[in-house]
Amino acid sequence: MTSKNSSSRHQLRQTIRQRRKSLTIEQQNLAEEQLANQLSAFCLTHSIKSLAIYLSNDGELQTNHFIEWCWSNGIAVYLPVIHPFNKHHLLFLNYTRSTPMKKNRFAISEPRLNVQSVIAPSQLDALFTPLVAFDICGNRIGMGGGFYDRTLAHLNHSPVKKIGLAHDCQQVEQVPIESWDMPLSKIITPTRVIECHEI
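The structure contained in this document is the topic of the report that follows.

Cut-offs and rules
- Residues numbered from 1 in each chain as written.
- Predicted model: local features only at pLDDT ≥ 70, side-chain atom pairs only at ≥ 80, totals over all residues.
- Heavy atoms only, no water.
- Helix = DSSP H or I, 4+ residues; strand = E, 2+ residues; numbered from the N terminus.
- Polar contact = N/O pair within 3.5 Å; in protein donor to acceptor, adjacent residues only side chain to side chain.
- Axes fitted to C-alpha atoms, helices over the stretch in contact; angles between N-to-C directions.
- Left-handed = near helix turned anticlockwise from the far one by under 90°.
- Contact = heavy atoms within 4.5 Å.
- Buried < 20%, exposed > 50% of the residue type's maximum accessible area, 1.4 Å probe, protein only.
- Pairing = 2+ DSSP bridges.
- Phe/Tyr/Trp six-rings, centres within 6.5 Å; stacked < 30°, edge-to-face > 60°.

### So, the environment of glutamine 171
Then comes step 1: Residue position: glutamine 171 is located in the loop between strand E10 (161–165) and strand E11 (186–188).
Then comes step 2: Counting along the chain gives 37 residues from glutamine 171 to phenylalanine 134, while the straight-line C-alpha distance between them is 5.0 Å.
Then comes step 3: Of the polar contacts made by the side chain of glutamine 171, one reaches the side chain of arginine 192; its length is 2.9 Å.

### Considerations on the packing of helix H2 (residues 25–45) against helix H3 (residues 64–72)
Then comes step 1: It is the contact of H2 with H3, at a shortest axis distance of 8 Å, that shows an interaxial angle of 35°. Along this stretch, H2 crosses H3, giving a crossing that reads as right-handed. On H3, the residues touching Glu32, Glu33, Ala36, Leu39, Ser40, Cys43 and Leu44 of H2 are Asn64, His65, Phe66 and Trp69.

### Concerning the pairing of strand E7 (residues 126–129)
Then comes step 1: Both faces of E7 are covered, namely the face carrying Ala126 and Phe128 and the face carrying Leu127 and Thr129.
Then comes step 2: Sheet topology places strand E1 (residues 50–52) next to E7; 2 bridges connect them, and they run parallel. Residue pairing in the sheet places alanine 52 in a bridge with leucine 127 of E7.
Then comes step 3: Here 4 bridges tie E7 to E10, and the two strands are oriented parallel to one another. By the bridge assignment, threonine 129 is partnered in E10 with glycine 164.

### Re unusual backbone geometry
Then comes step 1: For serine 47, which is not glycine, the phi torsion reads 50° and is therefore positive.
Then comes step 2: Even without a glycine there, the phi angle at aspartate 58 is positive, about 60°.
Then comes step 3: As for its placement among the helices and strands, aspartate 58 is situated in the loop between E1 and H3.

### Things to note about the packing of aromatic side chains
Then comes step 1: Evaluated as defined, the whole model comprises 5 aromatic pairs.
Then comes step 2: Taking 6.1 Å as the distance between ring centres and 85° as the angle between the ring planes, the aromatic pair formed by phenylalanine 66 and phenylalanine 128 counts as edge-to-face. Separated by 62 residues along the polypeptide, phenylalanine 66 in helix H3 and phenylalanine 128 in strand E7 bring together distant segments of the chain.
Then comes step 3: With a relative accessible area of 0%, phenylalanine 128 lands in the buried category.
Then comes step 4: When the ring of tryptophan 71 is compared with that of tyrosine 95, the centres are 5.2 Å apart and the planes differ by 55°; the resulting orientation is tilted. Of this pair, tryptophan 71 sits in helix H3 while tyrosine 95 sits in the loop between strand E3 (90–94) and strand E4 (101–103), and the two are 24 residues apart along the sequence.
Then comes step 5: A relative accessible area of 14% places tyrosine 95 in the buried class.
Then comes step 6: An aromatic cluster of three or more residues is present, and its members are Phe42, Phe66, Trp69 and Phe128.

### Some details on the environment of isoleucine 67
Then comes step 1: For isoleucine 67, the position within the fold is in helix H3.
Then comes step 2: In this structure isoleucine 67 comes out as buried when scored by relative accessible area, which is 3%.
Then comes step 3: If we skip the residues at most four places from it in the chain, isoleucine 67 touches Ile53, Tyr54, Leu55, Val77 and Tyr95.

Listed below in structure tokens is the structure:
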């Protein structure tokens, strides 16, 4: 039986995904440039040497400009790869201009599995996560698979910086949370760096 909370999460997910997908190409391109500026400043301020980020899908903030900046500035970039046998878990693989890529079951590009390219998330300086909706407390709703919640749970007491990336239009007043949700300490949008309040 579907709980009221899961029903409201589903509705919120659909609403914000539609809002995000309705952004024009011009708006997306501007947001990508602004995000690259925000993230490059963040990396320089915090001396970030290695990070995990995602390739955008479903109207998510484009990350290509920022990834190019990382490569040009000697920052190691890692991408999520769906774990081949551990359901709903992610691996993080090094991503360079020459990394062989493939489409996963969600039609998202990811590096071809190579155990020599895997990094433990706890060894990263920063983990930038996608999300569908967020609130000022750092609560997030993803696409519903729980992949990032599992990763964030393992990093709960680690010094890795755990930051959500989103368009400004993805902020909501309050995200209906579940026990497994892992809040973020910071959300970065094209125009703001939001320090999330303690819950």
